[in-house]
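Chain by chain, the residues:
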Amino acid sequence: MADHPESNRARVYLDHAATSWPKFEPGVAAAERYVRCCGATAGRGAYHSALEAERWVQAARKALASLIGAPSLDSIALCTSGTHALNAGLWGVLKPGDHVLTTAMEHNSLLRPLHHWKELLGITVDIVPTDERGIANPLAARDFITPKTRLVALGHASNVTGAVQDLEAWSQVAQDAAALFMVDASQTLGYLPIDVRSMNIDVLAAAGHKGLRALHGTGFLYVGHDLQAGFRPLLFGGTGRASESLSGGQYWPNAVEVGNLNLPGIVSMAVAAEHFVESPAAVHQWQAVHQLLLQGLQEFPQVHLLGRSVAAASLGTPAASYIPVVSLSVDGWDVHDLASVLDDAFGIEVRAGWHCAALVHKGLVHAEQHAASNSGTLRLSTGASTTVEEVTVALRAFRGILKGE
Ligand SMILES: Cc1ncc(COP(=O)(O)O)c(C=O)c1O
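Just so it is clear, the model here is predicted, and its values are computed rather than measured.

**Comments concerning the pattern of salt bridges**
Tallied over the full model, the rule gives nine salt bridges. In this structure, Arg11 and Glu349 form a salt bridge, with 2.9 Å as the shortest nitrogen-oxygen distance. On the criterion of sequence distance, the pair formed by Arg11 in the segment before strand S1 (12–13) and Glu349 in strand S11 (residues 348–349) is long-range, its members being 338 residues apart. Several salt bridges converge on common partners, so that one network encompasses Glu299, Arg399 and Lys403.

The structure is reproduced here in structure tokens:
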């Protein structure tokens, strides 16, 4: 295929929660230069271009470590996705007999490994329910703590409603239980600050291709120093170290980084993460555009923004903040049909369904309507690159469909 067949189609991309597009241009340019001019593998040879590749790996570790406040760059292992990082992190720290506490907000990339490894690993798992906004109450979590609770693992924000979890309070839950604290920052990295030291985070997994706007095939895992020595590898293979031994030894971060790394992706992630470290103000530019979208959607009486109009006071918890993700239902429409019309007739690209996070939908207002239609929600997610013009086009499309204007 010489070119993307749809490359000339006018489109408004509103699925940044799945992956960002367009990517951070300086990162794309650096990745292209790496592919054209270097192309060597990292951590294997000692020739010039191999050393250049290794410098990119170190640059990515350094920028990501500063972005999350990690005490040293060697606590970062480079992964191929948020899913890879979560699987590697869970497998790496869990031991037979452990009890894990997580929430109904989680993405399948956290819930499914726990589900599948229950028997294999001999672990038990409890899932704290979420409210009408997609928030799990840390006070409720305390009822699930047992003397065996060894890991409290949850996402920083919901990929369905956009609601941000109170990480400080959850960190306290983990500390009170003398458990490890693991955070999935796949949806928030690039949007919200996070600091592993002040939040006492032991393990952090994140995607690189969403809010950071690195290429596909990127993610990383932070693991605190005290957990690195006993970390159990999920994959085995070539690491460029201890090649003479069959066991390969136990080296962090090679416990995660096996096989050839995704250098083009890593180069783009290094450049994108450096940008965020140098200009954190850019992190907040997405807010105004997302707000504009929400205000526009509220014009339509048939549109229900899920979890956004719930008074926090009625739930007895603090007001929620949100990343630029919103889920909605529309009276008289199946969300899949609406997504198709938006795409086919207007070039508006949004996602309909359960968004790989089925449990959170149970708590949402209008949940009965979703359950009856068995369709999930329509999700619109803007990003750092979304413009006012794009939001205006999207709202015009809604007006055309819902008001016939
Ligand atoms: C909260 C959350 N965690 C993890 C992931 C998985 O990330 P990836 O798509 O990079 O595997 C996603 C993806 O949407 C997500 O929303």
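**So, the side chain of Glu349**
Using a relative accessible area of 18% as the deciding quantity, one classes Glu349 as buried. Discounting chain neighbours no more than four positions away, the residues touching Glu349 are Arg9, Arg11, Val12, Tyr13, Leu14, Asp15 and Asp343.

**Section: the environment of Gln285**
Along the chain, the position of Gln285 falls in the loop between helix H8 (263–278) and helix H9 (286–297). When its relative accessible area of 57% is taken as the criterion, Gln285 is described as exposed. With 165 residues separating them in the primary sequence, Gln285 and Leu120 have C-alpha atoms 45 Å apart.

**Here we look at helix H13 (residues 388–403)**
Taking 1.5 Å as the rise per residue, H13 with 16 residues should run 22 Å; its terminal C-alpha atoms sit 21 Å apart, in good agreement. Looking only at H13, the buried set comprises Val391, Ala394, Leu395, Ala397, Phe398, Ile401 and Leu402. Buried residues of H13, seen end-on, are gathered within an arc of 150° and therefore sit on one face of the element. Of the exposed residues in H13, the ones pointing more than 90 degrees away from its buried face are Glu389 and Arg396. Note on H13: the residue one or two positions beyond its end, Gly404, has a positive phi of about 65°.

**Some details on the packing of H9 against H13**
At a minimum axis distance of 10 Å, the contact between H9 and H13 shows a crossing angle of 15°. The orientation of H9 relative to H13 falls into the category roughly parallel. As H9 runs across H13, the sense of the crossing is right-handed. Along the contact surface, H9 presents Val289, Leu292, Leu293, Gly296 and Leu297, while H13 presents Val388, Val391, Leu395 and Phe398. For the contact of H9 with H13, the class distribution of residues is eight nonpolar, one polar and no charged.

**Structural notes on helix H6 (residues 167–176)**
Looking at H6, one finds that the buried residues are Leu167, Trp170, Ser171, Val173 and Ala174. Angular distribution of buried residues about the axis of H6 spans 155°; they occupy a single face of the element. On the buried face of H6, the contacting elements are strand S3 (99–103), strand S4 (124–128), helix H5 (138–141), strand S5 (149–155) and strand S6 (180–184). Phi for Ala178, located one or two positions after H6, is positive at around 55°.

**Let's talk about the side chain of Ser171**
Its place among the elements puts Ser171 in helix H6. For Ser171, the contacting residues outside a window of four places in its chain are Phe181, Met199 and Asn200.

**Quick look at the site of the ligand**
Lining the immediate surroundings of the ligand are 14 residues, of which Thr83, Asp184, Gln187, His209 and Lys210 lie closest. Between a nitrogen atom of the ligand and a side-chain N or O atom of Asp184, the distance comes to 2.6 Å. The fraction of the free accessible surface of the ligand (390 Å²) that becomes covered by protein chains is 89%. Residue composition of the shell around the ligand, grouped by class: three nonpolar, nine polar and two charged.

**Regarding the domain arrangement of the chain**
Domain parsing of the chain yields domain 1 (12–22 + 282–403) and domain 2 (25–280). Just the C-alpha atoms count here: the centres of domain 1 and domain 2 sit 27 Å apart. Counting residues at the interface gives 43 residues for domain 1 and 36 residues for domain 2. Summed over both partners, the interface of domain 1 with domain 2 buries about 3,100 Å², with 57% contributed by carbon and sulfur atoms. On the surface where domain 1 and domain 2 come into contact, there are zero salt bridges. Of all the elements in the fold, those that place two or more residues in the side of domain 1 that touches domain 2 are helix H10 (312–315), strand S10 (325–330) and strand S13 (377–381).

**Quick look at the environment of Val350**
Mapping Val350 onto the fold places it in the loop between S11 and strand S12 (351–353). Judged by relative accessible area, which is 14%, Val350 ranks as buried. Once residues within four sequence positions are removed from consideration, Val350 is found in contact with Leu14, Ala339, Leu342, Leu378, Arg379 and Leu380.

**A closer look at the sheet that holds S13**
Pairing is antiparallel in the open sheet, where four strands are placed in the order S9-S10-S13-S12. At either end of the open sheet lies a strand with only one pairing partner, and these are strand S9 (303–305) and S12. Averaged over all pairs of adjacent strands, the angle between their axes in this sheet comes to 35°, without regard to strand direction. The pairing of S10 with S13 spans four bridges and is antiparallel.

**A short note on the pairing of S13**
With five of five residues buried, S13 is to be regarded as a mostly interior element. Covered by surrounding structure in S13 are Thr377, Arg379 and Ser381 together with Leu378 and Leu380, the residues of both alternating faces. Bridge count for S12 against S13 is three bridges, and the pairing is antiparallel. In the strand pairing of S13, Arg351 is matched with Arg379.

Definitions and cut-offs
- Note that residues are indexed from 1 along each chain, following the sequence as it is written.
- Totals for whole chains, interfaces and linings use every residue, but because this is a predicted model, local features are given only for residues with pLDDT of at least 70 and side-chain atom pairs only at 80 or more, for both listing and counting.
- Only hydrogens and water are set aside when side-chain values are computed; all heavy atoms of the structure are taken into account.
- A pair is scored as a salt bridge if a Lys or Arg side-chain nitrogen falls within 4 Å of a carboxyl oxygen belonging to Asp or Glu.
- By the criteria applied, helices consist of DSSP H or I runs no shorter than four residues and strands consist of E runs no shorter than two, each listed in order from the N terminus.
- Each residue is assigned to one of three classes by its accessible area relative to the maximum for its type, calculated with a 1.4 Å probe on protein chains only: buried under 20%, partly exposed between the two thresholds, exposed over 50%.
- Throughout, a residue-residue contact means that at least one pair of heavy atoms, one from each residue, lies within 4.5 Å.
- Multiply 1.5 Å by the residue count of a helix minus one, and that product is the helix's expected span.
- Directions pointing from the helix axis toward each C-beta atom define the arc.
- To get an axis, a line is fitted to the C-alpha atoms, and for a helix only the part in contact is used. The angle between two axes follows their N-to-C directions and goes from 0 to 180 degrees.
- Angle categories: roughly parallel below 35 degrees, roughly antiparallel above 145, roughly perpendicular from 65 to 115, and oblique for all the rest.
- The sense of a crossing depends on the near helix, which, turned anticlockwise from the far helix by less than a right angle, makes the crossing left-handed and, turned clockwise, makes it right-handed.
- Residues were grouped as follows: Ala, Val, Leu, Ile, Met, Phe, Trp, Tyr, Cys and Pro as nonpolar; Asp, Glu, Lys and Arg as charged; and all remaining residues, including Gly, as polar.
- Nearness of a residue to a molecule or strand requires only that one of the residue's heavy atoms be within 4 Å of it.
- Polar contact is defined as a pair of N or O atoms within 3.5 Å, subject to the rule that within protein one atom must be able to donate a hydrogen and the other to accept it, and that residues adjacent in sequence are counted only when both atoms are side-chain atoms.
- With residues, only the protein chains shown are counted as cover, and all accessible areas are computed by Shrake-Rupley using a 1.4 Å probe.
- The split of the chain into domains comes from an automatic or database domain assignment.
- Summed over both partners, the accessible surface that disappears when two parts come together, traced with a 1.4 Å probe, is what is meant by buried area.
- Two strands pair if DSSP finds at least two bridges between them.

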